[in-house]
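Coordinate analysis (summary)
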Amino acid sequence: MADKKWPETWQEINPGCMVFRPGNAREYHTGSWRAKRPVYDFSKCIKCGICYIFCPEGCISQDADGYFVADLDYCKGCGICAHECWTGAITMVEEGKP
Amino acid sequence: MTKRVGMEIAFAAAEAAALCRIDVIAAYPITPNTHIPEHLSDIVADGRLDAEFICVESEHSALSACCGASGVGARVFTATSSQGLMFMGEVIPIVSAMRLPVVMAIGNRALSGPINIWNDHSDIMWQRDEGWISLFASNGQEVVDMIIQSFKIAEHRDVMLPLNINLDGFQLTHVVEPMLFPDQGEVDRFLPEYKPYAALHPDHVVSMGTLGLPEIFTEAMKAKDMALINSKKVILKIWKEWEEQFGRKYEPIEAYKTEGSRILLLTMGSMDETAEAAIDELHKRKISAGLLKLKLWRPFPSEELRKAVKGAKVLAVMDRAVSFGGASGPVGAEIRSALYDEPDRPLIINEIIGLGGRDVTLEDFIQIAEKAAMAEKKKPKEAYEIYGVRGS
């Protein structure tokens, strides 16, 4: 079940597409929609958290060292964080490129 | 005990809904259905029914409120007409997709424009493809009966779909007719308490109205289609139960004097009884004609139709709406499609009649039967015609 994101056949759909298991949206990794990913230059990061405030996905959190980073399972690559970053610490890089 | 009561049919519809112990009514007035919610608000205000009457600011809100109320497990009723039904439009397919058994009476009225408050079927035809069960009543008694049947059908665990009962504006809504009313005990015996499949409640988590991505949407549409197709079994079963308890028979297509008829007329709604009188007159004149009264519009009873037309040479289908620029009227197109694969299908003529409140008379049906008889000899050029239109 863990890797099964949706019912296989029409007969398996709950009436009215009702969902009875709360919180299962986290199992759907919207990060797969991403065309570009944020790449961080921590030497420029001042840990202000402006990216965290603007992220429409709410997928940014602080790591153990206090840097703000996106969870790539959910980051859709919109680039708002890179646009808002005061110091230009975030670059959007096309997926598949290093 | 059953009582015979003379009453305006719109009021009777409200009384029938009240007998079903509805919990919530959300409605907005629009001619000609207005007397239905108006009378229900009286019934609630007089304390005869313990229900919430939500005065909303529009039909869009009316059906949205019904959707929410049904989602928490309430038995819900509403009514509308014409532009009101169109204004509900955005919510109509959502209620059926969420499988919520909302019951709605539609006092059928022409769609604008030009603005017109009188009867035809353009309002229901406009929303026919949205996943609701759709019934047509010929008279007040059928309105009362169908409303009571409706909750049992819509709420059945093998159905769980919204349902509309169509009663022609003015021709039915505003007519005073004697009707048999079952008492509360009889209705309670027929209609069990509503036990929802799921209801929104903090203790039992459920998400309704979810997103359907391309990976699942096709399957969701197939499931919705099958729900409506499979509802026919339950409708037939509940109509049988109704007949056993109340003695009045309901069928998807009712046949009137069709035995051995070369010509068949097919009508819906208040035209049915005028057409019956026309058939009696035709029989007096030794013309072999019969009548099919279509009661169940969705799910469409294709199988019953194929059986009903067996042996007939010409079928004249009445439509009370125009499908502008279409191949036929909406009912005509449906019937042609259902019969196309039959090797011995009758020739079909399609008459669009009774638009925006124009009277449909006994004489009209006699003329249409004569047109059908002529069509048997010489097939008409056009797939449909707007009957009685001035200007050749």
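Residues numbered from 1 in each chain as written. Chains lettered and ligands numbered in written order. Predicted model: local features only at pLDDT ≥ 70, side-chain atom pairs only at ≥ 80, totals over all residues.

Check the secondary structure of chain A and you find 2 helices and 4 strands. Counting from the amino terminus, helix and strand elements in chain A follow one another as β-α-β-β-α-β. Over its C-alpha atoms chain A spans a radius of gyration of 17 Å, topping by over 25% the 13 Å that the globule rule assigns to 98 residues. Counting only C-alpha atoms, chain A reaches 55 × 30 × 20 Å along its principal axes. Counting every position in chain A, which comprises 98 residues, the buried fraction comes to 15%. In chain A, the share of contacts with a sequence separation of at least 24, taken over all contacts with a separation of at least 6, comes to 64%. (Helix = DSSP H or I, 4+ residues; strand = E, 2+ residues; numbered from the N terminus. Rg over C-alpha atoms; globule rule 2.2 N^0.38 Å. Buried ≥ 20, exposed ≤ 12 C-beta atoms within 10 Å, placed from the backbone. Contact = placed C-beta atoms within 7 Å.)

On to the interface of chain A and chain B, then. Size of an interface, as often reported, equals the accessible area lost when the parts are brought together. Counting residues at the interface gives 12 residues for chain A and 18 residues for chain B. Residues that form the side of chain A that touches chain B fall into these classes: 10 nonpolar, 2 polar and no charged. (Nonpolar A, V, L, I, M, F, W, Y, C, P; charged D, E, K, R; others polar.)

Residue and element names in this part refer to chain B. Sheet architecture is open: 6 strands sit in the order E9-E11-E10-E13-E14-E15, paired in mixed fashion. Either end of the sheet is taken by a strand with one partner, and the two such strands are strand E9 (253–256) and strand E15 (385–386). Where strand E10 (residues 263–267) lies against strand E13 (residues 314–319), 4 bridges are found, and the strand directions are parallel. Looking at E13, one finds that Leu266 is bridged to Val317. Helix H12 (residues 330–339) contacts E10, E13 and strand E14 (347–352) of the sheet and is inclined by roughly 145° relative to E13. (Pairing = 2+ DSSP bridges. Axes fitted to C-alpha atoms, helices over the stretch in contact; angles between N-to-C directions.)

With that settled, consider the domain arrangement of chain B. Residues and elements named next belong to chain B. Per the domain assignment, the segments of chain B are domain 1 (3–246) and domain 2 (253–386). Taking the mean C-alpha position of each, domain 1 and domain 2 sit 28 Å from one another. Tallying the contact residues gives 28 residues for domain 1 and 20 residues for domain 2. For the side of domain 1 that touches domain 2, the elements supplying multiple residues, two or more each, are helix H6 (122–126), strand E6 (133–136), strand E7 (163–168) and helix H9 (214–246). Of all the elements, H9 adds the most residues to the side of domain 1 that touches domain 2, at 5 residues. Of the residues assigned to the side of domain 1 that touches domain 2, the class counts are 13 nonpolar, 11 polar and 4 charged. (Domains from an automatic or database assignment.)

The next thing to look at is the sheet that holds strand E12 (residues 296–298) of chain B. Residues and elements named next belong to chain B. Taken in spatial order, the 7 strands of this open sheet run E3-E2-E4-E5-E7-E6-E12, and their pairing is mixed. The outermost strands of the open sheet, each flanked by one partner alone, are strand E3 (52–55) and E12. On average, each strand axis in the sheet is tilted by 20° relative to the strand beside it, whichever way the strands run. Two elements, strand E2 (residues 24–27) and strand E4 (residues 76–80), share 2 bridges in a ladder whose sense is parallel. Considered in E4, the bridge of Val24 is made with Val76. Contacts between helix H7 (residues 140–155) and the sheet are confined to strand E5 (103–108), E6 and E7, with E7 contributing the most and set at about 170° to the helix.

Moving on, we get to the nonpolar core. One finds Ala13, Ala17, Val143, Ile147, Leu265 and Leu266 of chain B to be the most contacted residues of the largest nonpolar core, which totals 119 residues. Of the residues forming this core, the biggest block, 10 residues, is contributed by helix H1 (residues 9–19) of chain B. Mapping this core onto the domain boundaries places at least three of its residues in each of domain 1 (3–246) and domain 2 (253–386) of chain B. Counting residues in each nonpolar core, the second largest holds 11 residues, with Val69, Cys75, Cys81 and Ala89 of chain A among its members. (Core = buried A, V, L, I, M, F, W, Y, C linked by C-beta atoms within 7 Å.)

Now for the pairing of E6 of chain B. Residues and elements named next belong to chain B. The alternating pattern of E6 places Ile133 and Leu135 on one face and Ser134 and Phe136 on the opposite face, and all of these are buried. Running through H7, the crossover from E6 to the neighbouring parallel element E7 is right-handed. One ladder, built from 2 bridges, connects E6 with E12; its direction is antiparallel. Its bridge partner lying in E12, Leu135 is registered against Leu296. (Right-handed = clockwise from strand over helix to strand, strands pointing away.)

A few words now on the packing of H7 of chain B against H9 of chain B. Between two packed helices, both the angle of their axes relative to each other and the distance between the axes serve to describe the pair. Residue and element names in this part refer to chain B. Interhelical geometry of H7 versus H9 gives an angle of 130° and a closest axis separation of 10 Å. Our classification of the angle between H7 and H9 gives oblique. The handedness of the crossing between H7 and H9 comes out as right-handed. In this structure, H7 uses Asp145, Gln149, Lys152 and Ile153 to contact H9, whose residues at the interface are Val234, Ile235, Ile238, Trp239 and Trp242. Classifying every residue of the contact of H7 with H9 by side-chain character gives 6 nonpolar, 1 polar and 2 charged. (Parallel < 35°, antiparallel > 145°, perpendicular 65-115°, else oblique. Left-handed = near helix turned anticlockwise from the far one by under 90°.)

On to the confidence of the model for chain B. The share of residues in chain B with pLDDT of 70 or more is 100%, and the mean pLDDT across the chain is 97. Interface confidence for the predicted complex, expressed as ipTM, amounts to 0.88; the pTM equals 0.93. (pLDDT = per-residue confidence, 0-100.)

Turning next to the environment of Leu291 of chain B. Residue and element names in this part refer to chain B. Within the secondary structure, Leu291 sits in strand E11 (residues 289–294). For Leu291, a count of 28 C-beta atoms within 10 Å corresponds to the buried category. Residues Leu291 and Leu266, 25 residues apart in the sequence, show an inter-C-alpha distance of 5.8 Å.

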